[in-house]
Every structure is written in C-alpha cells, then in structure tokens.
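# Remarks on the overall topology
Residues per chain are reported as follows:
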Amino acid sequence: MRLSVIGCGYLGAVHAAAMASIGHDVVGIDVDERKIATLSKGEAPFFEPGLQEILTEGIASGRLRFTTDMAEAAGAKVHFVGVGTPQQKDGYAADLTYVNAAIDGLLPHLSPGDIVAGKSTVPVGTAADLTPRVEATGATLVWNPEFLREGWAVQDTIDPDRLVVGVPAGEPGETAADVLREVYHPAVGKGTPFIVTDLATAELVKVAANAFLATKISFINAMAEIAEVTGADVTQLADAIGHDARIGRRFLGAGIGFGGGCLPKDIRAFSARAEELGRGESVAFLREVDAINLRRRDRAVDLVVGAFGGSVFKKNITVLGAAFKPHSDDIRDSPALDVAVRLHGLGAWVTITDPAALENAERLHPQLNYVADRDEAIRGADALILVTEWDEYRRELAPEHASTLATGRVVIDGRNGLDAAAWRDAGWTYYGMGRP
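Notes on the structure follow. All values derive from a computational prediction rather than experimental measurement. (Residues numbered from 1 in each chain as written. Predicted model: local features only at pLDDT ≥ 70, side-chain atom pairs only at ≥ 80, totals over all residues. Heavy atoms only, no water.)

### What to know about the overall build of the protein
Along the protein, the regular secondary structure elements total 18 helices and 14 strands. Taken against the 2.2 N^0.38 rule, which gives 22 Å for 436 residues, the C-alpha radius of gyration of the protein at 23 Å falls within 12% of a compact globule. Across the protein, the fraction of contacts at a sequence separation of at least 24, relative to all contacts at a separation of at least 6, is 72%. Accessible area for the protein stands at about 18,100 Å²; split by element, carbon and sulfur atoms hold 54% of it. (Helix = DSSP H or I, 4+ residues; strand = E, 2+ residues; numbered from the N terminus. Rg over C-alpha atoms; globule rule 2.2 N^0.38 Å. Contact = heavy atoms within 4.5 Å. Areas by Shrake-Rupley, 256 points an atom, 1.4 Å probe, with all protein chains shown as cover.)

Now the structure itself:
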C-alpha cells in the first residue's frame with residue numbers, strides 16, 4: 001500500500017522506515033531540508049537501535065523516499081501525521097502549531113477515500129476539531145496513537161504490544177479500521193490486539209498510559225523519600241510489593257526520575273487540558289507526580305554535595321550518562337544533564353561521558369567537559385555519579401577497575417543500578433537513592 005508520513009522527526013522517521021520494512025511504499029515529508037537530505041542518503045539523523053538498518057534497506061529497495069514537497073503525498077491511501085506537540089513556552093498546554101500546519105499543508109493533496117491517521121500525542125478533543133477540515137475533502141480522519149519506547153522504537157512499531165485506532169462512527173470509520181488492519185498486517189496476523197475506539201478514547205489512551213507510568217515512577221520515588229528518613233531500603237520495598245500481581249515490579253525503580261520528550265510534557269499537557277475541560281481536579285495528582293520527579297534531581301545533587309561535606313567547589317565529578325535513558329541519544333529534559341549542570345553551577349569540574357548523546361549534550365551545554373571514552377572520563381575523578389543506565393556503566397564497570405582510574409572513592413548511584421555491596425567491598429563510599 002502507498003503511505004505518506006508527515007513529519008520525519010523521531011516518531012515519523014521510525015514509522016516511515018518501519019512501514020517500508022514490512023512492504024509498503026512510503027514517502028516521508030518534512031519541512032526541514034537538512035533532515036530530509038540526511039534521511040534521503042539513508043543516514044539516521046539520531047541514534048535508535050535498528051533504525052539505520054531498516055532505513056538503508058528501505059532506501060535501497062526503492063520502497064522508501066523522503067522529500068520536502070507536500071504534493072508528493074498525493075496518491076497515498078493513508079497519510080500518517082507524526083509531527084511534534086511540544087509544551088507551550090508560556091504554559092503547560094501542548095502546542096498544536098505543527099499539527100495544524102501539517103493538516104493544512106496536506107488538505108489540498110487529499111482525495112475522497114483517503115485516510116488521515118494522526119499519530120501525534122494531542123489533547124483529547126483535537127481530532128474532533130480537525131475532522132470537519134479533513135472530511136471536507138472526502139477523506140476520513142482517524143487517530144492511531146504511538147506507544148514507542150525510545151531504544152526499542154523499531155521493534156515497537158513493527159511488533160507492537162497493541163494497536164489502537166480511533167475512528168468516526170458509521171461506515172467511514174469501519175472502512176478506515178479495515179484499511180489500518182491491512183497496513184499493520186504482519187502484527188495483526190500474529191494476533192496483536194487491534195482495538196477500535198472512538199476518536200476521543202484513542203487520544204486519551206496515549207496520555208493515560210503515560211500518566212500511569214509517570215505516576216508509578218513517582219510513587220516509588222516518593223517511597224524513596226520516606227526511606228531516606230527512616231533507614232529503609234526502597235529497592236527491597238519495590239521487590240516486595242512488586243511480587244503483588246496487581247502492582248508488578250516494572251517501573252518501580254527509584255532514582256533521579258524520568259525525563260525525555262514524552263512523559264514530562266505529556267502529563268503537564270494532560271493537566272492543562274483537564275483544566276480546560278473543567279475537570280482539573282481529576283488529574284490534580286499529576287502536579288505532585290511532576291514535583292516528586294523534579295525533587296529527585298535535587299536529591300542527587302544533595303548526595304554529591306553531602307559526600308564532600310557541603311561543597312563540591314573544584315571537585316572533579318564524572319557524570320556517567322547524558323541521555324535521559326539508555327539506548328538513545330535523546331537529551332530532552334534529561335535528568336542526567338540537569339544534575340550535571342547544577343553541579344557545574346556549584347563550582348565542580350564536571351566531565352560527562354555517554355555512548356551516544358555527547359554531541360547533542362555538548363551542543364546544548366558547551367560549558368561542560370565531554371569525554372567519549374568511559375575510562376578516560378573516570379580518570380582523576382573525585383566522585384562518580386551514575387545517571388543513565390547504560391550497561392557499560394551499570395554492569396560492565398567493575399569497582400576494582402574504577403579504583404585504578406579515579407582519585408576519589410565516592411560513587412552516587414542515581415539509578416540504583418549498581419551492586420552496592422561490591423562497590424563498598426572495593427573501598428568506595430556508596431550512596432543510593434532511598435537506600436541506607
């Protein structure tokens with residue numbers, strides 16, 4: 001089937017390449033000429049495991065191409081809209097400028113029977129507002145939210161755990177749902193749940209899922225705050241309650257909290273939309289979820305400062321990680337970088353290392369020191385702080401080896417990902433998050 005993908009950022013580039021990899025004829029469209037030039041050469045513009053391979057394959061096969069010309073969307077059966085919805089600069093609400101621009105640019109090239117499938121994360125009610133404009137062309141608007149995990153986005157697109165399609169009532173919606181089943185035929189054929197809803201429910205599914213995950217993370221971090229003043233161990237607490245099948249252990253890892261381009265801005269936008277709908281009290285707890293999350297960054301800095309008796313002035317601090325999570329080069333709202341910048345502001349000499357995100361980090365914060373090689377970054381450090389759970393820090397860095405490189409013996413485990421006993425046995429003073 002011929003598809004177009006409007007917006008070739010993280011979501012759109014992955015979706016376009018993944019759809020081509022399962023046999024569709026795909027054109028990706030974006031206004032950013034540099035990005036389109038990079039993608040057209042078969043080069044991934046950001047780090048995402050597996051993307052480079054399917055991008056190269058798609059370009060070589062002829063099933064995948066990229067352009068800045070919106071007119072190239074004409075003739076596609078399904079048009080996926082995957083542009084960004086950043087937080088507004090003057091508030092918490094989502095900025096729909098790019099969504100509206102994408103729809104406006106696409107309208108002249110739609111034909112009766114076409115399907116416009118929104119994938120962007122939008123406030124509930126957005127699809128209802130857009131529907132009259134799309135229906136005026138004879139096309140049908142549906143909402144098909146994405147549930148990508150950075151670092152696993154290719155897998156999550158090709159082999160998702162569920163597919164959700166919000167459609168209008170009646171025959172146009174039924175037809176559109178059938179077409180989307182055909183688009184995702186490999187996953188549907190394997191039995192992946194294909195859930196058809198109304199438009200509003202599909203919009204809510206995405207933000208509700210992110211709100212739940214953010215709440216679960218902040219819950220265990222709230223328990224870490226209690227553990228820190230009682231002498232309890234939050235990791236043992238998480239293990240114990242995680243055995244309850246109603247709760248589960250996943251996302252109960254206490255640490256410096258979540259970041260990235262989705263969870264923080266999505267829960268804020270959800271709160272703002274609930275206020276607009278007159279139901280702000282229904283999700284008022286999300287304000288505290290956000291506040292708890294940000295407090296954990298403060299706590300990580302406090303642990304470093306406390307380890308040196310109240311001042312890190314002229315101390316050499318090595319920050320292990322820059323991306324907001326492993327297997328990604330995404331530094332948007334990265335807790336790792338936030339902690340690094342705060343330590344720098346307190347007078348520390350901060351060195352950051354990361355397997356994928358250094359170029360992005362240095363572009364944003366050139367005042368910090370960046371070293372690609374892990375061991376060179378550790379050499380001469382007075383303290384280490386683990387802030388991104390890359391395996392080469394969490395699993396592959398032996399404390400005995402770190403002792404041959406660092407000057408000091410202080411390690412702050414901002415992700416509770418290290419073996420505390422092993423580091424202490426090797427002579428290090430270990431500080432965890434919510435751990436004695």
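Having put the structure on the table, let's press on.
### Some points on the sheet that holds strand β14 (residues 429–432)
Sheet strands pair by backbone hydrogen bonding; their relative direction is either parallel or antiparallel. Within the open sheet, the 6 strands sit side by side as β11-β10-β9-β12-β13-β14. Their pairing is parallel. Of all strands in the sheet, those with a lone pairing partner are β11 (369–370) and β14, marking the two edges. Relative to β11, strand β10 (residues 349–353) runs parallel, the two sharing 2 bridges. Its bridge partner being in β11, T351 is matched across the sheet by N369. The sheet contacts of helix α13 (residues 335–345) involve β9 (316–320), β10 and β12 (383–386), and relative to β10 the element is tilted by about 160°. (Pairing = 2+ DSSP bridges. Axes fitted to C-alpha atoms, helices over the stretch in contact; angles between N-to-C directions.)

### Digging into the pairing of strand β2 (residues 25–29)
Here β2 lies mainly inside the structure; 4 of its 5 residues are buried. Judged from the 5 bridges that link them, strand β1 (residues 2–6) and β2 form a sheet pairing that is parallel. Paired with R2 across the bridge in β2 is D25. Note on the crossover from β1 through helix α1 (residues 10–21) to β2: the handedness is right-handed. Both β2 and strand β3 (residues 64–67) contribute to a ladder of 4 bridges, which runs parallel. (Buried < 20%, exposed > 50% of the residue type's maximum accessible area, 1.4 Å probe, protein only. Right-handed = clockwise from strand over helix to strand, strands pointing away.)

### Quick notes on the packing of aromatic side chains
Under the counting rule described, the total for this entry stands at 4 aromatic pairs. Seen in terms of ring centroids, F47 and W390 are 6.5 Å apart; in terms of plane orientation they differ by 50°. Their pairing is tilted. Of this pair, F47 sits in the loop between α2 (33–40) and α3 (51–61) while W390 sits in the loop between β12 and α16 (391–394), and the two are 343 residues apart along the sequence. The exposure class of F47 is partly exposed, given its relative accessible area of 35%. Between R162 and the ring centre of F147, over which it is positioned, the NZ or CZ distance is 3.6 Å. (Phe/Tyr/Trp six-rings, centres within 6.5 Å; stacked < 30°, edge-to-face > 60°. Lys NZ or Arg CZ within 6 Å of the ring centre and 35° of its normal.)

### Some remarks on the nonpolar core
Ranked by internal contacts, the top residues of the largest apolar core, which has 41 residues, are V26, L64, F66, V78, F80, V142 and L180. Sorting elements by how many residues they give to this core places α1 first, with 9 residues. In contact with L180, not counting residues within four places along its chain, are F80, I115, V142, N144, V165 and F194. Residues V301, L303, V319 and I385 belong to the second largest nonpolar core, which totals 31 residues. (Core = buried A, V, L, I, M, F, W, Y, C linked by side-chain atoms within 4.5 Å.)

### Regarding the packing of helix α9 (residues 199–230) against helix α10 (residues 234–242)
Relative to each other, α9 and α10 sit at 135°, their axes nearing to 9 Å. Looking at the two axes, α9 sits oblique to α10. Crossing of α9 against α10: the hand is right-handed. Across the interface between the two elements, F219, I220, M223, A224 and A227 of α9 pack against V234, L237, A238 and I241 of α10. Residue classes in the contact of α9 with α10 are distributed as 9 nonpolar, no polar and no charged. (Parallel < 35°, antiparallel > 145°, perpendicular 65-115°, else oblique. Left-handed = near helix turned anticlockwise from the far one by under 90°. Nonpolar A, V, L, I, M, F, W, Y, C, P; charged D, E, K, R; others polar.)

### Regarding helix α5 (residues 126–135)
Note that an α-helix has 3.6 residues per turn; residues three or four places apart therefore point the same way. Listed in full, the buried residues belonging to α5 are T126, A127, L130, T131 and V134. Seen along its axis, α5 keeps its buried residues to an arc of 125°; they face one direction. Facing away from the buried side of α5, by more than 90 degrees, are the exposed residues A128, D129 and P132. The secondary structure elements touched by the buried residues of α5 are α4 (97–106), β5 (115–118), β6 (140–143) and α9. (Arc of directions from axis to C-beta.)

### Quick word on α4
Every buried residue of α4 is accounted for by V99, A102, I103 and L106. Here the buried residues of α4 occupy an arc of 95° about the axis, which is enough to place them on one side. Packing partners of the buried residues in α4 comprise β1, β4 (78–81), β5 and α5.

### Concerning the pattern of salt bridges
Across all of its chains, the model carries 31 salt bridges by this definition. Of the charged contacts, one joins D156 and R149 as a salt bridge, the two residues approaching to 2.9 Å between their closest N and O atoms. Note on D156: relative accessible area 12%, which makes it buried. Here D290 and R268 are joined by a salt bridge, their closest N and O atoms 2.8 Å apart. Separated by 22 residues along the polypeptide, D290 in helix α12 (residues 285–307) and R268 in helix α11 (residues 263–276) bring together distant segments of the chain. A residue is classified by how much of its surface remains accessible, and R268, at 13% relative accessible area, is buried. (Salt bridge = Lys/Arg side-chain N within 4 Å of Asp/Glu carboxyl O.)

### What to know about unusual backbone geometry
Positive phi, normally seen in glycine, also occurs at K314, with a value near 65°. In this fold, K314 is placed in the loop between α12 and β9.

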